[in-house]
Amino acid sequence: MLELAGIIILGILAQWVAWKFKIPAILPLILIGLLVGPIAAAYLSEDGSKWIEPIWNGEKGLFPGEGLYYFVSLAISIILFEGGLTLKRSEIKNVGPVITKLITIGAAITFFGAGILAHYIFHLSWDLSFLFAGLIIVTGPTVITPILRNIPLKKDISTVLKWEGILIDPIGALVAVLVFEFISVGGGGGFTKTALIEFGKILLFGTTFGFTFAHALAFAVNKRLIPHYLLNVVSLSTVLLVFVESELFAHESGLLAVVVMGMVLGNGKLNNIKELLYFKESLSVLLISILFILLAANINIEDLMLLYTWKTAYLFAIIVFIIRPLAVFASTFKSKLKLNEKLFISWVGPRGIVAAGIASLFGSKLLRQGVEGAEYITPLVFMIVLGTVLLNATTARVFAKLVGVFLKKSDAILFVGASNPARLIAGYLKNKGKRVILIDSNKNFVQQALDDDLEAFKVDVYDDELTDNIELNDVGYLIALTGSDMVNKYAINRFSPAFGEHGSYKLASSQEIIEATITERKTFFTPNDDYINLSEAYRENPNITEVKIANKEEYDRVLEMLAEEEKAVALFVEKGSGIYLIPEFEETETVKENLVLSYLGKKMDFQEK
């Protein structure tokens with residue numbers, strides 16, 4: 001009981017440390033696992049035993065027999081399902097082919113390159129070398145996300161790394177399973193046929209079970225066949241059912257099944273998807289905390305000492321600095337990505353929980369089978385996991401600045417509210433070359449925005465989902481345009497630190513206009529316009545009109561006329577290649593000539609009478 005409670009307590013403590021110091025949680029988790037496991041047994045314990053013994057050794061331990069690996073498999077299935085829920089088809093419009101090549105061509109280069117290296121550097125058999133290579137194909141979403149969360153990057157770069165990290169996990173597991181089966185049956189000429197059959201079964205049952213159960217669960221939820229208080233636990237049990245059933249029909253197809261299930265649900269019309277995602281995210285954090293400590297503690301000090309050689313450094317350096325860039329550049333050949341973007345993607349390739357978990361599972365099985373050299377598999381994979389995470393966590397931000405992908409100015413704009421006038425304004429800014437993202441809790445508004453080819457998300461501003469979205473790292477302006485002044489104020493106060501680097505603006509409230517007490521924040525447009533004025537202007541004329549301004553006198557006169565007109569709202573000022581909100585322009589610019597001023601609503605004649 002003490003060991004189990006200690007794992008949970010230490011795991012959550014490690015998560016807090018990771019949050020506090022903005023590092024991937026895997027670092028403190030693995031270090032804690034090594035401390036309470038092999039290090040404690042070798043240096044800290046009087047009787048030479050581990051403080052936490054994951055597998056029952058006859059006297060103590062948490063899991064008997066293969067119980068640990070059953071737990072690892074089920075936990076990984078939940079983690080990958082949660083990752084699949086976050087994958088949206090709309091994200092990959094520009095980089096879909098790159099992602100496809102990374103998980104095929106890139107994976108093949110990594111597989112053959114790392115396998116050849118392991119064979120010639122550590123003199124492992126070809127079988128074990130390619131098992132190691134299959135395990136390190138994967139990159140981990142659980143470690144990439146924390147690394148990228150604090151680096152402002154273009155959306156395409158973040159999207160490539162996020163999708164690669166989630167989709168490559170089941171592919172790497174599949175390759176590792178095929179190699180493991182090859183070793184288990186002793187190779188031979190009949191293996192090719194067996195491997196192809198197993199590969200086909202994994203694809204067939206994985207995709208079929210994932211697709212079928214996703215639609216069945218969505219139907220049950222949308223038809224309210226499941227009571228609200230059982231929604232999360234029924235979803236959890238369904239994920240485990242899909243994983244286990246798929247495994248029964250085709251060994252190791254479960255990971256593919258849960259990723260497919262997550263992707264189908266995440267891109268479908270499922271009510272309560274956000275609530276389900278939050279539950280799975282919290283559960284994933286707990287499971288990751290437990291898993292890394294258990295798996296690291298399960299390593300023996302003798303295994304770690306196998307890596308105490310220069311060969312380890314050679315292997316790590318070639319995999320990270322030669323094979324990974326080679327795989328990325330081959331996969332991005334003739335893509336729209338620039339050289340510096342390819343270099344950054346090449347640099348960021350941390351391995352995560354799937355590599356560590358499956359390595360522990362297969363490594364121990366092969367050891368029990370007496371396969372020569374099997375003792376290298378688990379520590380070598382853990383070395384790659386820990387080394388890549390440590391490297392990327394400490395250098396990714398610096399490297400982003402060095403190669404020039406670090407956005408010096410986060411100039412994307414986040415609109416809170418996706419009403420008719422908000423969508424019109426967002427479309428206008430998009431045509432001016434700005435990236436605009438709209439969020440709203442109204443799914444109809446969001447769908448209309450998507451139909452207008454705008455970026456939009458169904459989000460409740462009272463949730464914390466926004467600050468965790470790595471694809472919003474380039475947002476520097478926050479504009480609250482909802483009809484609720486309470487929501488506007490909350491959005492500004494809550495999200496300004498994350499998204500308002502260059503300015504946070506909201507519509508004036510009707511009460512503020514009446515009492516002339518606009519002091520809390522800068523208002524969007526002018527202090528005379530609230531949501532009612534904006535809506536009336538849109539109804540009068542749902543178009544944005546541009547007016548050329550020659551000098552300051554003309555600028556002041558046009559703004560004054562717009563302020564007096566109830567059905568017209570001043571929007572932006574364009575000066576050269578820059579476009580400014582009016583309060584931003586007033587604050588930062590002094591020269592007011594040769595401008596273009598845009599406004600929404602009633603067409604007006606600004607010529608002097």
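Our structure is the block above this text.
The structure displayed is predicted, hence computed values, not measured ones.

A. Layout of the sheet that holds strand 2 (residues 436-440). Read across the sheet, five strands follow the order 3-2-1-4-5 without closing on themselves; strand pairing throughout is parallel. Among the strands making up the open sheet, the edge pair consists of strand 3 (455-458) and strand 5 (503-506). Neighbour-to-neighbour, the strand axes of the sheet open up by a mean angle of 20°, direction not taken into account. Bridge count for strand 1 (residues 412-416) against strand 2 is four bridges, and the pairing is parallel. Note on strand 2: the bridge partner recorded for Ile 413 is Val 436. Helix 17 (residues 420-431) contacts strand 1 and strand 2 of the sheet and is inclined by roughly 165° relative to strand 2.

B. Structural detail: the pairing of strand 7 (residues 568-575). With seven of its eight residues buried, strand 7 lies for the most part within the structure. The sheet contact formed by strand 7 and strand 9 (residues 595-601) spans six bridges and is antiparallel. Opposite Ala 570, over in strand 9, you have Tyr 599 as the bridge partner. As judged from the four bridges shared by strand 7 and strand 8 (residues 578-581), these two strands associate in the antiparallel manner. Looking at strand 8, one finds that Val 573 is bridged to Tyr 580. Between strand 7 and strand 8, which pair antiparallel and follow one another directly, the connecting turn spans two residues, one of which, Gly 576, has a positive phi of 65°.

C. Region of the structure containing helix 19 (residues 485-499). Of all the bends found along helix 19, the most pronounced is centred on Asn 493 and spans about 35°, while Pro 497, a proline, follows it within four residues. Those residues of helix 19 not exposed but buried are Val 487, Asn 488, Ala 491, Ile 492, Phe 495, Ser 496 and Phe 499. Residues of helix 19 that are buried sit in contact with strand 1, strand 4 (475-480) and strand 5.

D. Representation of a nonpolar patch on the surface within the structure. Where nonpolar side chains cluster on the molecular surface, the patch consists of Leu 35, Ile 39, Tyr 43, Leu 44 and Trp 51 and spans about 510 Å² of accessible area. When you line up the elements, Ile 39 lands in helix 2 (residues 26-44). Of the residues examined, Ile 39 reaches a relative accessible area of 31% and is grouped as partly exposed.

E. Broad picture of the pattern of salt bridges. Overall, the coordinates contain 11 salt bridges when judged by the stated rule. The partner of Glu 546 in a salt bridge is Lys 432, with the nearest N and O atoms 2.9 Å apart. With Glu 546 in strand 6 (residues 544-549) and Lys 432 in the loop between helix 17 and strand 2, this pair connects stretches of sequence that are 114 residues apart. What makes Glu 546 partly exposed here is its relative accessible area of 41%. What makes Lys 432 partly exposed here is its relative accessible area of 31%. Sharing partners across several salt bridges, the network here consists of Lys 432, Glu 546 and Glu 574.

F. Region of interest: the sheet that holds strand 6. Here we have four strands laid out as an open sheet, ordered 6-9-7-8, and antiparallel in their pairing. Single-partner strands in this sheet number two, and they are strand 6 and strand 8. Taken pair by pair, the neighbouring strands of this sheet meet at an average axis angle of 30°, ignoring direction. Here helix 17 sits on the sheet and contacts strand 6, strand 7, strand 8 and strand 9; the angle it forms with strand 7, its principal contact strand, is near 15°.

G. Representation of the packing of aromatic side chains. Scanning the model with the defined rule gives 17 aromatic pairs in all. Relative to Phe 130, the ring of Phe 112 has its centre 6.1 Å away and its plane inclined at 75°; by these criteria the two rings are edge-to-face. Placement of Phe 112 in helix 4 (residues 96-122) and of Phe 130 in helix 5 (residues 126-135) is noted, with a sequence separation of 18 residues between them. Centre to centre, the rings of Phe 495 and Phe 499 are 6.2 Å apart; their planes meet at 40°, and the pair counts as tilted. In this pair, Phe 495 and Phe 499 are both assigned in helix 19, four residues apart and thus about one turn of the helix distant. Ring pairing ties together the aromatic residues Phe 111, Phe 112, Tyr 120, Trp 126 and Phe 130, which thus form one cluster. Sitting above the plane of the Phe 406 ring, Lys 401 keeps its charged end 5.0 Å from the centroid.

Conventions and cut-offs
- Residues numbered from 1 in each chain as written.
- Predicted model: local features only at pLDDT ≥ 70, side-chain atom pairs only at ≥ 80, totals over all residues.
- Heavy atoms only, no water.
- Pairing = 2+ DSSP bridges.
- Helix = DSSP H or I, 4+ residues; strand = E, 2+ residues; numbered from the N terminus.
- Axes fitted to C-alpha atoms, helices over the stretch in contact; angles between N-to-C directions.
- Contact = heavy atoms within 4.5 Å.
- Buried < 20%, exposed > 50% of the residue type's maximum accessible area, 1.4 Å probe, protein only.
- Bend = angle between axes of the 7 residues up to and from the residue.
- Patch = residues over 30% accessible without salt bridge, like charges linked within 9 Å, V, L, I, M, F, W, Y side chains within 5 Å.
- Areas by Shrake-Rupley, 256 points an atom, 1.4 Å probe, with all protein chains shown as cover.
- Salt bridge = Lys/Arg side-chain N within 4 Å of Asp/Glu carboxyl O.
- Phe/Tyr/Trp six-rings, centres within 6.5 Å; stacked < 30°, edge-to-face > 60°.
- Lys NZ or Arg CZ within 6 Å of the ring centre and 35° of its normal.

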